[in-house]
Each structure stands twice: as C-alpha cells, then as structure tokens.
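# Secondary and tertiary structure notes
The chain contents come next:
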Amino acid sequence: MTATGKSLLLVEDDRDSGAELVELLELFGFAAVHVLGIDEAVAACGLELPDFAVIDASVGGNAGCRLGRDLLDRSAGAMRVVIVSGRELGADERALLPSAAAPFLLKPIDLDALLAALNGSGGGDLPA
Amino acid sequence: MLDRARPAAGLPILCVEDEPDLLDDLALELEDSGFAVIPAANAVEALAVLRSVAVGLVLCDVQLPGMNGIALLRQAVDLAPVGAYPVHAGRFVFLSAFSDADLAHEIAGLGAQLLLKPVDYDELIALVGAMQGGAQS
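Report on the accompanying structure.

### Here we look at the nonpolar core
- Among the nonpolar cores identified, the biggest contains 48 residues, and Leu-8, Phe-30 and Leu-114 of chain A together with Leu-14, Val-16, Phe-92 and Phe-94 of chain B are the most heavily contacted of them.
- Among all residues touching Leu-114 of chain A, those that are not within four sequence positions of it are Leu-21, Leu-25, Val-54, Val-82, Leu-105 and Ile-109 of chain A.
- Val-59, Leu-71, Ala-102 and Phe-104 of chain A belong to the second-largest nonpolar core, a separate cluster that totals 21 residues.

Here it is as structure tokens:
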C-alpha cells in the first residue's frame, strides 16, 4: 500500500499502545495523529477530514462505531474507516457500521490485515 | 526496523532489549534474514505493542529495567483473550547472559525458549525461522 502523505486519525484511549501503533503506521507512510477520545477526534476533524480513521470501538463508552458512522456520513463515504477492538462488537454497533462500510479487526491487530482494510482490499473479521 | 516494504515472512517479531546497540544488532540481523522487527526498549513499551499489534514471536532479554522478561511474559499472556493472535509463552524466546539452571528450568517450565548471550545469530535465525514457520501454519 502506498500511503505517503495520507492522513490518518487513530482514536485509541490506551495512550501507550496508541503511540506505538502511530509510530508503526508512520513507517508505512501515513501522516498519523493519535487522539485519546471522541471530543479530541471531533476537534481533529473540525476543519478537514483525514483520509483514514482507525477507531477503537470502546472509546467514549463504546462510542467508537458512532464516531465512525458520523465520519463516514460527513465524508459521504470518501473516508476509509476501520474499527478495532479487543472485544467482539455488539449487535447495535454492527448495525451502525456494517463491515462493508467499515471493516472490523480484533486486537491485537495483524498489521497486514489493517493495511489491507485501509486499502479497501480486506473485509475485516466481520461476516459480510 | 519494520518498514513499508514488508519483506518479512509472517508476523513481525517484537524485539525487547534495553541495550540499544544490541537491540540494533538484533534488528539488523533479523531484518537481513527477511523478518520484520518491532523494537522495544523495555517491558512497558513491549506491552503497549502487544495490546494493539499482532506479533509472530517475542525475542526478549530476561534482565530488563523495571519489569523483567519473565514478568513481561506473564502479563502478555493475559492480554487479548478474544484476539485472533493471542500471545502465549511458546512465542517467547528469552536472551540471557547468565547460564543459570534455575532460570533455564523456569523458562522451560513456562514453555518458552532460552538462548544465551553473546547471541549466536545463526542459531537465533534458525530458531526464529522455525518458530515463525510454525506460527504461520
């Protein structure tokens, strides 16, 4: 995947693991920014939406999928959103973001699967 | 370190070593053999990686500042019980400068591997290759 200069927002409330993942994503050419919560994410997207977002489903009290839905709606589907979590998603979360719109990956993430999901060539772990 | 070309076979190797020169040497040797490496200078950094990113194996110094390698293993195996790539002791290779029977017994009892320093890179690459091959199957 060629990601040089592509902006990526990582929404992850685990400060240390978010920082590590941002470092790795930068090695793949993303201009990655890490925020810890919903408010910071909304602020980061205030003027310009990123090309990609990787969102932990559990941020903001399991509000990650809602954030992903909002970002997709704002971008009219132009953004690529990937949802990640250390748990399976609930039915309400799946309904907000079916895998075709925003693939889901269980943590710990296979970096190749994440890159494929960001590239639109991977369907994530959810059934279609 | 891990780069976008991803020439590596399988998942990356998390390399945990507090001696910067040795960490660089380990990474270079592994990368020259086609493995992707994620470096970490201590157990806290390593756990942060393990909470988010799947790794094929963990190459880990026993003596680390703060939390030692054995404690890191015990915390790591408790992570991500529902994940697609759960960490288990069989994915750990420890490095130690001390040939200590009790330590070797403890590590073997956990199901991990132990290599002595100075590192025999041929032995390391052979072991990592076998373990990564097994991890992919």
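From this point on, the discussion continues.
### What about the packing of helix α3 (residues 69–76) of chain B against helix α4 (residues 101–110) of chain B?
Residues and elements named next belong to chain B.
- Between α3 and α4, the least distance of the axes is 12 Å, while the angle of their chain directions is 10°. If you check the angle between α3 and α4, you find them roughly parallel. By crossing handedness, the relation of α3 to α4 is classed as left-handed. Touching Ile-70, Leu-73 and Arg-74 of α3 are Leu-103, Glu-106, Ile-107 and Leu-110, all from α4.
- Counted by class, the contact of α3 with α4 contains 5 nonpolar, no polar and 2 charged residues.

### Digging into unusual backbone geometry
- A cis amide bond links Lys-107 of chain A with the next residue in sequence, Pro-108 of chain A, at an omega value of -5°.
- With respect to the secondary-structure elements, Pro-108 of chain A resides in the loop between β5 (104–106) and α6 (111–118).
- At the junction of Lys-117 of chain B and Pro-118 of chain B, the peptide bond is cis and its omega measures out at 0° in the coordinates.
- Checked against the element boundaries, Pro-118 of chain B lands in the loop between β5 (113–116) and α5 (121–136).
- A positive phi is found at Asn-62 of chain A, a non-glycine position, where the angle reads about 60°.

Cut-off values and rules
- Residues numbered from 1 in each chain as written.
- Chains lettered and ligands numbered in written order.
- Predicted model: local features only at pLDDT ≥ 70, side-chain atom pairs only at ≥ 80, totals over all residues.
- Heavy atoms only, no water.
- Core = buried A, V, L, I, M, F, W, Y, C linked by side-chain atoms within 4.5 Å.
- Buried < 20%, exposed > 50% of the residue type's maximum accessible area, 1.4 Å probe, protein only.
- Contact = heavy atoms within 4.5 Å.
- Axes fitted to C-alpha atoms, helices over the stretch in contact; angles between N-to-C directions.
- Helix = DSSP H or I, 4+ residues; strand = E, 2+ residues; numbered from the N terminus.
- Parallel < 35°, antiparallel > 145°, perpendicular 65-115°, else oblique.
- Left-handed = near helix turned anticlockwise from the far one by under 90°.
- Nonpolar A, V, L, I, M, F, W, Y, C, P; charged D, E, K, R; others polar.

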